[in-house]
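Results of the structural survey
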Amino acid sequence: MHNQIQKTIDFVKKTLAHAEAGHDWFHIERVFKTAITINEQENGHELVVAFAALLHDIADPKFNNGDEELGPNMAASFLQSISVDEEVIAHVKQIIQHMSFKNSFDTGAFTSKEMQIVQDADRLDAIGAIGIARAFTYGGFKNRLLYDPAIPPEVHLTKESYKNTTAPTINHFYEKLLLLKDMMNTPSGKTIATERHNFMLLYLDQFYKEWEGK
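These remarks concern the structure in this document. Keep in mind the model is a prediction, meaning the values are calculated, not measured. (Residues numbered from 1 in each chain as written. Predicted model: local features only at pLDDT ≥ 70, side-chain atom pairs only at ≥ 80, totals over all residues. Heavy atoms only, no water.)

With that out of the way, let us pick up the overall build of the protein. Looking only at helices and strands, one finds 10 helices and 0 strands in the protein. Reading the helices (α) and strands (β) of the protein from amino to carboxyl end gives α-α-α-α-α-α-α-α-α-α. Its C-alpha atoms give the protein a radius of gyration of 17 Å, near enough to 17 Å, the size a compact globule of 214 residues would have. Principal-axis analysis of the C-alpha atoms places the extent of the protein at approximately 60 × 35 × 35 Å. Contacts spanning at least 24 positions in sequence make up 67% of the contacts within the protein whose residues lie at least 6 apart. As displayed, the protein offers around 11,000 Å² of accessible surface, 53% of which is attributable to carbon and sulfur atoms. Positive and negative side-chain charges in the protein, numbering 21 and 29 respectively, have mean positions lying 2 Å apart. (Helix = DSSP H or I, 4+ residues; strand = E, 2+ residues; numbered from the N terminus. Rg over C-alpha atoms; globule rule 2.2 N^0.38 Å. Contact = heavy atoms within 4.5 Å. Areas by Shrake-Rupley, 256 points an atom, 1.4 Å probe, with all protein chains shown as cover. Lys, Arg positive; Asp, Glu negative; His and termini not counted. Charge placed at Lys NZ, Arg CZ, Asp CG, Glu CD.)

Below is the structure:
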């Protein structure tokens, strides 16, 4: 494995040693592997894809008082410390700044083939069996209800309303997870997303049956 990538893996493992379970090293590792898999079909810049995937959650704003500059800046400082090419660093920083779901509300922002690959890999980890597990893990971390039939899902039209929601976890399926299939950028991402999306629909059917005691 490329020496700089191995150093980055070690740095991320150490930095996220005590992270919330849905945003820990294992999440990063899955996104990294998926991004490399998608890139085999898409032929993006391999180092940019690898670094962006590994560093995309190095300081998630959700766990850092909403600070959206901390992550990109930490990533850039680290890459400079291991002598990565400045052009690669600038690209990775842009990707980390712009790839999150909440930033998809900002139209006309930065994009690149490499960002689309890493974004697909990250979104794929939010859907399917692991996506369901992560949603409930985060809901538990925030002490949210599993479900409340009296609280309907909202369509979030702004970044602020999405960030500030306290809705039950089941609502998150309608407010984000079920929307991701149609937001995939790459053909490979779309194929994987379809299977995971269908699994979530089956899960929700079963959830409501059990909720009603059937």
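The subject of this paragraph is the nonpolar core. One finds V12, L54, L55, L79, V92 and F173 to be the most contacted residues of the largest nonpolar core, which totals 53 residues. Take this core: its biggest share by element is 8 residues, from helix α3 (residues 46-55). The residues contacting L55, other than those within four sequence positions of it, are T8, F11, V12, A75, F78, L79 and I96. (Core = buried A, V, L, I, M, F, W, Y, C linked by side-chain atoms within 4.5 Å. Buried < 20%, exposed > 50% of the residue type's maximum accessible area, 1.4 Å probe, protein only.)

Another point: the packing of aromatic side chains. In the structure shown here, the tally under the stated rule is 11 aromatic pairs. Ring centres of F207 and W211 lie 5.8 Å apart, and the angle between their planes is 20°; this geometry places the pair in the stacked category. Of this pair, F207 and W211 both sit in helix α10 (residues 187-211), 4 residues apart, which is roughly one turn of that helix. Taking relative accessible area as the criterion, F207 reaches 12% and is therefore assigned buried. Clustering of aromatic rings is evident, with ring pairs tying together F136, Y147, F173, Y203, F207, Y208 and W211. (Phe/Tyr/Trp six-rings, centres within 6.5 Å; stacked < 30°, edge-to-face > 60°.)

What follows deals with the side chain of E175. Within the fold, E175 resides in helix α9 (residues 169-175). Buried charge without a partner: E175 forms no salt bridge, and the closest opposite charge is R144, 7.3 Å away. Of the polar contacts made by the side chain of E175, one reaches the backbone nitrogen of E154; its length is 2.9 Å. (Salt bridge = Lys/Arg side-chain N within 4 Å of Asp/Glu carboxyl O. Polar contact = N/O pair within 3.5 Å; in protein donor to acceptor, adjacent residues only side chain to side chain.)

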